[in-house]
Amino acid sequence: MPNRSARPSSRKNVIANRGREKPYEVVILGAHLDSWDLGTGALDNGCMAALVIEVARAIKATGLVPRRTIRFVSLAA
């Protein structure tokens, strides 16, 4: 199956904030976002990427500042 892109794209890493007590100790929560029409894991990939976003929203909604830096990552391949 050929893979085509309509236009070039760029990606950037984003760190929302640093931990208040131990900013260089990092907790990573991530998911692999990559699927194709016939891939049996397509639903899992989408669900896990959505879960990463929802966990970030939930932590932000608490108003608490974590002790360690938390990075939310969605890997696209």
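All values derive from a computational prediction rather than experimental measurement.

Conventions and cut-offs
Residues numbered from 1 in each chain as written. Predicted model: local features only at pLDDT ≥ 70, side-chain atom pairs only at ≥ 80, totals over all residues. Heavy atoms only, no water. pLDDT = per-residue confidence, 0-100. Helix = DSSP H or I, 4+ residues; strand = E, 2+ residues; numbered from the N terminus. Buried < 20%, exposed > 50% of the residue type's maximum accessible area, 1.4 Å probe, protein only. Contact = heavy atoms within 4.5 Å. Polar contact = N/O pair within 3.5 Å; in protein donor to acceptor, adjacent residues only side chain to side chain. Salt bridge = Lys/Arg side-chain N within 4 Å of Asp/Glu carboxyl O.

Peer 1: Looking at this model, I keep getting lost on the confidence of the model for the protein. Mind explaining?
Peer 2: In regions of low pLDDT, the predicted coordinates are not meant to be interpreted in detail. Mean pLDDT over the protein: 76, with 62% of residues reaching 70 or higher. For the protein, per-element mean pLDDT is lowest for helix α1 (residues 42-62), which scores 80, and highest for strand β1 (residues 22-32), which scores 86.

Peer 1: Even after reading the chapter, I still don't get the environment of R68, so can you show me in this structure?
Peer 2: Take R68: it is sitting in strand β2 (residues 68-75). The class for R68 is partly exposed, based on a relative accessible area of 28%. Discounting residues that sit within four places of it in the chain, R68 has contacts with G19, K22, E25 and V27. Among the polar contacts listed, one links the side chain of R68 to the side chain of E25, at a separation of 2.7 Å.

Peer 1: Mind showing me how you'd approach the pattern of salt bridges here?
Peer 2: When their charged atoms lie close together, side chains carrying opposite charge are able to pair. This structure, assessed with the given rule, holds 4 salt bridges. When the shortest N-O distance is used, the salt bridge between E21 and R20 registers 2.7 Å. For the salt bridge of R57 with E54, the shortest nitrogen-to-oxygen distance reads 2.7 Å. Taken together, the residues R57 and E54, both in helix α1 and 3 residues apart, mark about one turn of the helix. Given a relative accessible area of 53%, R57 falls into the exposed group. The network of salt bridges with common partners includes R20, E21 and R67.

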